[in-house]
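Secondary and tertiary structure notes
Below are the chains, spelled out letter by letter.
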Amino acid sequence: MKNNILLYITLLTAFSFSAHCQQGKVAAADKKYDNYAYIDAIKTYEKVAQKGYKSADMFKKLGNSYYFNAELEQAAKWYGELFAMNTSDLEPEYYFRYAQSLRSIGQNEKANELLELFNKKAGNDSRGKLFLENENYLDAIKANSGRYTIEDAGINSIYSDYGTALYSNEIVFASARDTGSLGQRKHKWTNQYFTNLYASTLGENMTPSDPHKFDSNINSKFHESTPTFTNDGKTMYFTRNNFINGKKGKDTNQITLIKIYKATLENDKWTEITELPFNSDNYSTAHPTLSPDGRMLYFASDMPGTLGLSDLFKVQINNDGSYGIPENLGKTINTEGRETFPFVNDENEIYFASDGHPGLGGLDVFVSTINPNGSFSKVQNVGSDINSPKDDFAYLIDTKSRRGFFTSNRDGGMGYDDIYKFLELKKITCKQLLYGEITNIDTAELLPNTKITLLDNQFNSISTTVSDDKGAYSFAVECGKKYYVRAQKPEYTVKEVSITIADENGKTYLPIALENAVCKVTIGDDLGKCFNIKMIYFDLDKSNIRKEAALDLEKILDVLNQNPTMTLDIRSHTDSRASFKYNEALSDRRAKSTIKWLVKNGVNENRLSGKGYGETQLVNKCTDGVSCTEEEHQLNRRSEFIITAL
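With that out of the way, let us pick up the confidence of the model for the protein. When pLDDT is averaged along the protein, the result is 85; 89% of the residues meet or exceed 70. Contacts for the low-pLDDT stretch residues 1–23, under 50 throughout, to residues beyond four places or in other chains number 98 contacts.

Structure, rendered in C-alpha cells:
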C-alpha cells in the first residue's frame, strides 16, 4: 500500500536527519525528502548512489523513501546498503524497518534475527515483545489461512484504488484515477494524483458495477477517502486533507495534515460539511468507522497520547450530536508501529491494519473481539489469504453474506493499489481444550465415573460428561471465555471451580480434588485428617489456643458430641529445631492446652488423653544438622487426634 493511500503523509513521524553530504544534488534531494517529495528524492539519491557515493544518511533516506511508499523490496535493498556500512549507532527503528522489508521478500529468518536485535536495542517496545511472545507466529498465521476465496473486485484502474464502505446498495471507495483536468494535482509523496471518492452499484454476490464519481460537494482538489455512513444513510464521516470552504490549513511546519469531516444528506446532495471538534491543524485524524449502533466512532490518529506512529482511537457520539473525549484503544491493539483502517462489525469484532503485530510483511489485517467491558481479546492475524508480504488493509465484511472487500498492493494487481473482493468460507476460530483429572483430595486416588458439568459464566449448563477410568475429563471450549466446572460423585462433596480460558489456541489444564462427604474412621485413625487438620496453630513459643486453632477444634468438638463413646489421644509434635528438651516441653504444654479447651467446651476429660512428643517422631529426614526447607520442617510440626475407642 502506498502512503498516499494511507494518507500517512501526516500520520508518520517526519524525519529531520541532518544532511552531512556537501554535494549540491544530495542537498537538493534532502530538501525534497524533508518536504515528503519521496519520488523526486529517490531519483536524485539513486543517481548519486550509482556513481559509488556512500552515505549512511543517504541510504537511510533512500530506504525510508521506498518504505513510506510501501515498495518494500527496494527498501530492503537500500537498508541492506545501510547495514553493510556497519554503522554502530543506528536507531532501533531501522532494525524494525529492515526486518519488515526483508519479510516482504520472504527472508523471514534474517528478518527474525533483526527483530531480536531490535528488541534488545529498543527496550520496552511492544513490537519486539510481541515478536518474542509469538515466535511461532507463522504457524498461527498458517492455522488461520485457507478460509477465503479472493478475486479482483473489477473496479480497479492503473492508479490507486483503495478502501471501501457500504452505502445503500453501493460501495464507495477512493481512487486516484481522475487525471482529466489540467488543474488536477499530483501528490509529491508518490507522484500520484490526489484521490476522490467513487461509487459502484452492487449486484449479485456483491459484484460492483462500473464506478462513477461520488458527490461533487464531497470531492475536492485534495485527498478524500475512507467514508463511513450511518444506518439511515443520512450522515457520513470521511477523511480529507485539511481543506474546507476553499481554505487549506497547515501545521507549524507548513504541512497540510488530514482530518475527519462530517456531511449530511439533503435532497440527494451531501451538504453541511464540517470538521469534527477533536481535529487539529497539528495532528491527523483519519479513516473513520462507526459501531453498528452508530454511537461510537473509531478512527486512526497520531494525536497526543498515541503509542506509535499512528494508533486507533474511539469517541462517543452523544444523543445531542456532540462528541466525547477520544480514547486510545490501548496496548492490546496499538503498538509503536502503525495501526490504521479500523472496521467494526455487528459481531463485536474489530478489524484493522498494522505493521506492529507479527505478520507477513508491510501492513497485515488483524482482528480482535470487543468484550462487553470494552476491553479487547487477543489480536489474531486473519491469515495468508487476505495478507501478503506487501501491504494489506481496509478490510470490510458483511456478516450475513460473509462477503467483503479489502485493499492490497500485492504482486499481480492492476495498479498502484487494488481492491479485492472475498467470500469467507469459515470464521476464524481460536480452539481450546479444557481438561484435567478428578482425584481424592486426601489420598490423590483417581476418581472415575465422576459427573462433570461445564457451565457458562451465568451458570447455564453447556455440556456434561463422566470422567474415564483414569479420572480424566475434557471439554472443547472457546478462547477468552470464563467457565465453571462442577464435579459430582456419591459420598463426595460437590465442588465447583471457575476458570478463564486463554486467548490463544491450546489447552487449559484444570485438575479437581474432591473431599469425602462422609469421613469413615476406625480405632487408630487420625480424626484430624477427616477435616484436613494438619496442625493446631499456636503463637510462637506459646501454648494458648489461637482463633484459627479454635475453628479447627470446633470440628473435633462436633464429632465428639455426635459420638459420645468416642475417645481421643491428642498428640502434639514439633520439628527438630530448638533443643530436644525444649521441644518436648513445648509440645506437651500444647497437647494439654488442646485438651483443656475441649474440656472447657463440654467434653468429659475421661474421654481425652494427650502428650507432647517433641521431635521424637519426625516424619522425614529433618533431624538436627540436616538442611531442610521450611515446607519439610512444617510436615513435622503437626497435631494428631488418634481415635482410641468408638
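We are not done yet, so read on.
Here we take up the state of the cysteines. Two cysteines whose sulfur atoms are joined by a covalent bond form what is called a disulfide. Going through the model one piece at a time under the given rule, you end up with 1 disulfide. With its sulfur 2.1 Å from that of its partner, Cys622 forms a disulfide with Cys628. On the sign convention where negative is left-handed, the bridge of Cys622 and Cys628, at about -105° about the S-S bond, is left-handed. Among the residues examined, Cys622 registers a relative accessible area of 0% and is labelled buried. Residue Cys628 is classed as buried on the basis of its relative accessible area, which comes to 18%.

What follows concerns the layout of surface pockets. Empty space among the atoms becomes visible once a probe the size of a water molecule is rolled across them. Of the volumes computed, that of the largest pocket is approximately 1,100 Å³. Lining the largest pocket we find 41 residues, and of these Thr369, Asn371, Ser377, Cys479 and Lys481 sit closest to its centre. Of all the secondary-structure elements, those providing two or more residues to the lining of the largest pocket are β20 (364–369), β25 (431–440), β28 (472–478) and β29 (482–488). Approximately 810 Å³ is the volume found for the second largest pocket. Along the walls of the second largest pocket sit 35 residues, with Leu166, Thr228, Phe343, Val344 and Leu396 positioned nearest its centre.

For the rest of this paragraph, the subject is the sheet that holds strand β34 (residues 608–614). Strand order in the open sheet made by the 3 strands is β34-β33-β35, with mixed pairing throughout. On the outer flanks of this sheet lie β34 and β35 (639–645), each paired with one strand and no other. Looking at each pair of strands side by side, their axes are set apart by 20° on average, direction ignored. Strand direction decides the pairing type here: strand β33 (residues 567–573) and β34, joined by 6 bridges, are parallel. Residue pairing across strands places Ser572 opposite Gly612, the latter belonging to β34. Where helix α11 (residues 580–600) meets the sheet, its contacts fall on β33, β34 and β35, and the angle it forms with β34 comes to roughly 160°.

A separate point is the environment of Ser572. One can find Ser572 in strand β33. Sequence-wise, Ser572 and Lys611 are 39 residues apart; in three dimensions their C-alpha atoms are separated by 6.6 Å. Once you skip the residues sitting within four places of it in the chain, Ser572 turns out to touch Ser587, Arg590, Ala591, Lys611, Gly612, Tyr613, Gly614 and Arg638. Looking at Ser572, its side chain comes within polar contact range of the main-chain oxygen of Ser587, at 3.5 Å.

This part takes up the packing of helix α7 (residues 108–122) against helix α8 (residues 126–133). One can describe the packing of α7 onto α8 by two numbers: an axis separation of 9 Å at closest approach and a directional angle of 130°. Classified by the angle their axes make, α7 and α8 are oblique. You can see that α7 and α8 cross each other, and the crossing is left-handed. Together, Asn112, Leu115, Glu116, Phe118 and Asn119 of α7 and Arg127, Gly128, Lys129, Phe131 and Leu132 of α8 make up the contact between the two elements. When grouped by side-chain class, the residues that make up the contact of α7 with α8 number 4 nonpolar, 3 polar and 3 charged.

With that settled, consider the pattern of salt bridges. Scanning all chains against the criterion turns up 28 salt bridges. Among the salt bridges present, the one from Lys54 reaches Glu81, with a minimum N-O distance of 3.8 Å. In this pair, Lys54 sits in the loop between α3 (38–50) and α4 (56–67) while Glu81 sits in helix α5 (residues 72–84), placing the two residues 27 residues apart along the sequence. According to the relative accessible area criterion, Lys54 is exposed, its value standing at 54%. The shortest N-O distance in the salt bridge between Glu478 and Lys481 comes to 3.3 Å.

Their axes nearest at 8 Å, the elements α5 and helix α6 (residues 92–104) cross at an angle of 135°. By the angle between their directions, the pair α5 and α6 is classed as oblique. The handedness of the crossing between α5 and α6 is left-handed. Contacts between α5 and α6 involve Leu72, Glu73, Ala75, Ala76, Tyr79, Gly80, Leu82 and Phe83 on the former and, on the latter, Tyr94, Tyr95, Arg97, Tyr98, Gln100, Ser101, Leu102 and Ser104. Along the lines of polarity and charge, the residues of the contact of α5 with α6 split into 10 nonpolar, 4 polar and 2 charged.

Rules used throughout
Residues numbered from 1 in each chain as written. Predicted model: local features only at pLDDT ≥ 70, side-chain atom pairs only at ≥ 80, totals over all residues. Heavy atoms only, no water. pLDDT = per-residue confidence, 0-100. Contact = heavy atoms within 4.5 Å. Disulfide = S-S within 2.5 Å. Buried < 20%, exposed > 50% of the residue type's maximum accessible area, 1.4 Å probe, protein only. 1 Å grid on protein atoms, 1.4 Å probe; cavity = no way out; pocket = protein on both sides within 12 Å on 5 of 7 lines; lining within 4 Å. Points joined across faces, edges and corners; volume = space filled by probe spheres on them. Helix = DSSP H or I, 4+ residues; strand = E, 2+ residues; numbered from the N terminus. Pairing = 2+ DSSP bridges. Axes fitted to C-alpha atoms, helices over the stretch in contact; angles between N-to-C directions. Polar contact = N/O pair within 3.5 Å; in protein donor to acceptor, adjacent residues only side chain to side chain. Parallel < 35°, antiparallel > 145°, perpendicular 65-115°, else oblique. Left-handed = near helix turned anticlockwise from the far one by under 90°. Nonpolar A, V, L, I, M, F, W, Y, C, P; charged D, E, K, R; others polar. Salt bridge = Lys/Arg side-chain N within 4 Å of Asp/Glu carboxyl O.

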